[in-house]
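# Structure at a glance
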Amino acid sequence: MSEAATNARPIDNKLITGPIASTLFFFAMPVLLGNVLQSLNGSVNSIWVGKFLGENALAATSNANIIMFFLLSTIFGIGMAATILIGQSIGAKDVDKAKRVVGTSAVFFVILSIFITALGAVFTPHILVWMNTPTEVMPFALDYMRIMFLGIPFMFGLNYVMTVLRGSGNSKTPFYFLLLAVFLDIGLNPLFIFGMGPFPEMGIAGSALSTVIAQVVSLVLLIIYLYRKQYFLRIKRDELYLLRLDREILSALIKKGLPMGLQMIVVSSSGIALINLVNTFGADSAAANGAAMQLSSYIQMPAMALGAAVSSITAQNIGANKWDRVHRTTLIGVIYNFLMAGVVAGIIYVFNREALSLFLPSNGPAIEIGIQINNRTLAAFVLFGVYMVVAGVIRSTGSVMVPLLITFTALWVIRIPLAYYLADQYGFNALWWSFPASFGMAVVVTCLYYSFGGWKKAKMI
């Protein structure tokens, strides 16, 4: 096939023609494995820092990671908006429009990353003071964050290119290069921390530098790979005029992307509010909550992967005006969630004590508290998966405000006030009933909006 033909349309677009069940499964699995890899990467890096550089160094990375998560939340929505725009354009067989989205979003990501890097270079000390970073932690945090901020353009860049690929229907290639970044990061950490061989001894700064180098290498090799494969969404030399801020597309990226990014901020801030409440019950309760949340994160991973997958798949089918496939994708996504998240939740429930003992002393009071937390919350995280799938489909049309309002209501109107009330009136164990209450509300309202709301009429542009 000639290059012109390759550039005219994506080849073998199974997202809008293939069997839905297998297509969704094989599209979601690389996303799920990528989430697991990133969690593993963070855990291994924390072991290197905490075990060999001490608690102050580990606290410094924790402070920095909170800030990095917040910054990634701000671009998450923009990336999701780009994914949906690209998916709808490809589904409509309008590759020219998809390339316009690529050009505008690429320029926007570059500008945004340079701006944030400059802010970080100037205000890192002030940010750490504002976070009440302990004095003994401050030198470690400064060294770590300054390098991490310098790496933001490459982190944003890698996330952006992977977003474009998923929007175009390719979830395998991002996984392979994410795998490369993770293994590079894990392998380089001890070399730069301790100064092995020709590498300088940099301490905690070495851990940050390892992450940045891994992101740079993975991004550069990914771009080289896409151009050598002549990927149909690459910007060629005679298409450099597309690298500009198209006002129409930029407006859609901001108007639709910011609410999706704000949704992540709503989630993270409610988590902080809950931790503040749990901490008032003492160290054992805090430790039990930490261990339980570590386990529940593995239930949420399938939900998050399926939510991202159905958004990409349904965006293309909406662009192709194949609404029957949209609805079947939603149903199959919900079924997959019950199978995947339900199995993980069931295993944790059956082996509750054994699972918690991976993080807690097996004969201490914290493990008994953790068992009670899991007994009340595990099923709720399966409900969370239903919400993620249905909300992912709704967002794929460009309807982003209703999912944001539902998330805010579930977390800040129901869960947090209810948790504080139950804790005050009935004690620590009772506060966890706020989880099924809030997730149950989110599922019911989201499904009602899916069935009767006007989300199908929403437009990205």
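Residues numbered from 1 in each chain as written. Predicted model: local features only at pLDDT ≥ 70, side-chain atom pairs only at ≥ 80, totals over all residues. Heavy atoms only, no water.

### Comments concerning a nonpolar patch on the surface
- On the surface, a cluster of nonpolar side chains totalling about 530 Å² of accessible area is made up of Val343, Ile347, Tyr349, Val350 and Phe351.
- Tracing the chain through its elements places Ile347 in helix α12 (residues 323–350). (Patch = residues over 30% accessible without salt bridge, like charges linked within 9 Å, V, L, I, M, F, W, Y side chains within 5 Å. Areas by Shrake-Rupley, 256 points an atom, 1.4 Å probe, with all protein chains shown as cover. Salt bridge = Lys/Arg side-chain N within 4 Å of Asp/Glu carboxyl O. Helix = DSSP H or I, 4+ residues; strand = E, 2+ residues; numbered from the N terminus.)

### Some details on the packing of α12 against helix α14 (residues 365–395)
- One can describe the packing of α12 onto α14 by two numbers: an axis separation of 9 Å at closest approach and a directional angle of 160°. What the angle tells us is that α12 and α14 run roughly antiparallel. You can see that α12 and α14 cross each other, and the crossing is right-handed. Along its contact with α12, which presents Val326, Thr330, Gly333, Val334, Asn337, Phe338, Ala341, Gly342, Ala345, Ile348 and Tyr349, the element α14 presents Asn374, Asn375, Leu378, Val382, Gly385, Val386, Val389, Val390 and Val393.
- Class assignment of the residues belonging to the contact of α12 with α14 gives a composition of 13 nonpolar, seven polar and no charged. (Axes fitted to C-alpha atoms, helices over the stretch in contact; angles between N-to-C directions. Parallel < 35°, antiparallel > 145°, perpendicular 65-115°, else oblique. Left-handed = near helix turned anticlockwise from the far one by under 90°. Contact = heavy atoms within 4.5 Å. Nonpolar A, V, L, I, M, F, W, Y, C, P; charged D, E, K, R; others polar.)

### Some points on the pattern of salt bridges
- Tallied over the entire structure, the rule returns six salt bridges.
- Taking the shortest distance from any N to any O, the salt bridge between Asp246 and Arg100 comes out at 3.0 Å. Taken together, the positions of Asp246 in the loop between α9 (204–228) and α10 (247–279) and Arg100 in helix α5 (residues 95–130) put the pair 146 residues apart, joining distant regions of the chain.
- Its relative accessible area of 9% is what places Asp246 among the buried residues.
- Across the salt bridge formed by Arg353 and Glu368, the nearest N and O atoms sit 2.8 Å from each other. Separated by 15 residues along the polypeptide, Arg353 in helix α13 (residues 352–356) and Glu368 in helix α14 bring together distant segments of the chain.
- Residue Arg353 is classed as partly exposed on the basis of its relative accessible area of 35%.
- In this structure Glu368 comes out as partly exposed when scored by relative accessible area, which is 40%. (Buried < 20%, exposed > 50% of the residue type's maximum accessible area, 1.4 Å probe, protein only.)

### Some thoughts on the packing of aromatic side chains
- Summed over the entire model, instances satisfying the criterion amount to 16 aromatic pairs.
- On the numbers, 5.1 Å between centres and 35° between planes, the contact of Tyr231 with Phe232 is tilted. By the burial criterion, Tyr231 is buried, and Phe232 matches it.
- When the centroid spacing of 5.9 Å and the interplanar angle of 65° are considered together, the rings of Trp323 and Trp455 count as edge-to-face. Residue Trp323 is located in helix α12, and its partner Trp455 is located in the segment after α16 (434–452); the two are separated by 132 residues in the primary sequence.
- The lysine or arginine in question, Arg415, covers the ring of Phe435, its NZ or CZ lying 4.1 Å from the ring centre.
- Here Arg415 stacks its cationic end above the ring of Phe439, 4.7 Å away from the centre of that ring. (Phe/Tyr/Trp six-rings, centres within 6.5 Å; stacked < 30°, edge-to-face > 60°. Lys NZ or Arg CZ within 6 Å of the ring centre and 35° of its normal.)

### As for the packing of α14 against helix α15 (residues 401–426)
- Two elements in contact, α14 and α15, have axes separated by 9 Å at closest approach and are oriented at 150°. Taken together, the axes of α14 and α15 lie roughly antiparallel to each other. Each of Tyr387, Ile394 and Arg395 in α14 lies in contact with α15, whose residues at this interface are Pro403, Ile406 and Thr407.
- Residues that form the contact of α14 with α15 fall into these classes: four nonpolar, one polar and one charged.

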